[in-house]
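Remarks on the overall topology
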Amino acid sequence: MNGFGNYGWAEKKLHGCFYESTAKNSALSFTRAMQFNYGRIVDKNESFETDQVKDIYAKYSLVKKGDIIINGLNLNYDVVSQRVAIVPKDGIITSAYIVLRPREGLFPEYFCYLFKAMDSRKIFHGMGTGIRLTLSFKELKNMPIPLPSLPEQKAIVAYLDAETGRIDKAIAAEEKMIELLQERREIVINEAVGGGEMRKGWKVKPWNGIFANLDYLRKPITADQRPRANPQYDYYGASGVIDKIDYYNVDDTVLLIAEDGANLGLRNVPLVY
């Protein structure tokens, strides 16, 4: 990062703006457990009633409103970065994450935007250690970051809040339209295949009698398979194309079915054709 002086901004190492908060919920003083959800910190809405849950949450980190959380786990398996979020209210979160607490005179929302921008450019990905490339405060603390004046920090956040708010509204409207079109698409397809009724001459077979299962080809991207320069092949995830990589493992026309968690178990599901 260079050229901050051209804007009248200072350059400071991260540990000059933040310290790592490592305090644990050992006394169970907080019962509001939180978690990451696509770049946001949200409530887990889980009860503290059982001893097993209490033992787990006693090891969670205490967080305060305005803390910035960085998920530094498994950087080499990440294809879409959503690793930075700001804490909206006091509570607890797994101690596996890095908790950055801002020092006096800083506007944490500005740094949340800054770190999100760095995350989207995958700057953190080259900083982790170990087989799974895990990031810690030790690797982050000497990183230089731009430090505008406090009024400039607030002005930047106000501008970005307004602009991203308008974009989010536009995205929500588009998503609603897509949802309606998908509903219409399903109706058309259902009508075309008989409205749920068997037509004369149609047959029923299980999936594995029609399709070959290629699940054995599905593997996570390893560190040495990360794109080097101008990757040309699409990497598919549950939401479609989510990255570009340097190699491919399917050279044919296939039916791609997105999974969420456990396998869908389609092997013996009957198909009409």
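Here's what I pulled together on the structure shown here. Quick caveat: nothing in here was measured; it's all calculated off a predicted structure.

1. Side note on the overall build of the protein chain
In terms of regular secondary structure, the protein chain is built from five helices and 14 strands. Looking at the 273 residues of the protein chain, the share that counts as buried comes to 28%. Contacts in the protein chain between residues far apart in sequence, at least 24 positions, make up 72% of those at least 6 positions apart. When the accessible surface of the protein chain is totalled, it reaches about 18,100 Å², and 53% of it is carbon and sulfur.

2. Observations concerning the sheet that holds strand β9 (residues 98-102)
A sheet is described by the order of its strands in space; here four strands give the open sequence β2-β9-β6-β7, paired in antiparallel fashion. Both edges of this open sheet fall to β2 (18-20) and β7 (84-86), since each of them pairs with a single strand only. When the angles between neighbouring strand axes are averaged without regard to direction, this sheet yields 30 degrees. When strand β6 (residues 68-70) meets β9, the two strands line up antiparallel, connected through three bridges.

3. With respect to a nonpolar patch on the surface
Nonpolar side chains collect at one region of the surface, where Ile-210, Phe-211, Leu-255 and Ile-257 lie side by side and expose about 340 Å² of accessible area between them. With respect to the element layout, Phe-211 can be found in the loop between β11 (204-206) and β12 (233-237). Residue Phe-211 is classed as partly exposed on the basis of its relative accessible area of 37%.

4. Re the layout of surface pockets
Empty space within the second largest pocket amounts to approximately 410 Å³. Arg-40, Tyr-113, Lys-116, Thr-164 and Asp-168 are the residues nearest the centre of the second largest pocket, which is lined by 13 residues in total. Those elements that place two or more of their residues in the lining of the second largest pocket are β7, α3 (108-120) and α5 (150-192). Looking at the lining of the second largest pocket residue by residue, the class counts come to six nonpolar, two polar and five charged.

5. Here we look at unusual backbone geometry
Phi is positive for Tyr-38, which is not a glycine, with a value near 50 degrees. With a phi close to 60 degrees, Lys-122 is a non-glycine residue in the positive phi region. With respect to the helices and strands, Lys-122 occurs in the loop between α3 and α4 (137-140).

Reading guide: rules and limits
Residues numbered from 1 in each chain as written. Predicted model: local features only at pLDDT ≥ 70, side-chain atom pairs only at ≥ 80, totals over all residues. Heavy atoms only, no water. Helix = DSSP H or I, 4+ residues; strand = E, 2+ residues; numbered from the N terminus. Buried < 20%, exposed > 50% of the residue type's maximum accessible area, 1.4 Å probe, protein only. Contact = heavy atoms within 4.5 Å. Areas by Shrake-Rupley, 256 points an atom, 1.4 Å probe, with all protein chains shown as cover. Pairing = 2+ DSSP bridges. Axes fitted to C-alpha atoms, helices over the stretch in contact; angles between N-to-C directions. Patch = residues over 30% accessible without salt bridge, like charges linked within 9 Å, V, L, I, M, F, W, Y side chains within 5 Å. Salt bridge = Lys/Arg side-chain N within 4 Å of Asp/Glu carboxyl O. 1 Å grid on protein atoms, 1.4 Å probe; cavity = no way out; pocket = protein on both sides within 12 Å on 5 of 7 lines; lining within 4 Å. Points joined across faces, edges and corners; volume = space filled by probe spheres on them. Nonpolar A, V, L, I, M, F, W, Y, C, P; charged D, E, K, R; others polar.

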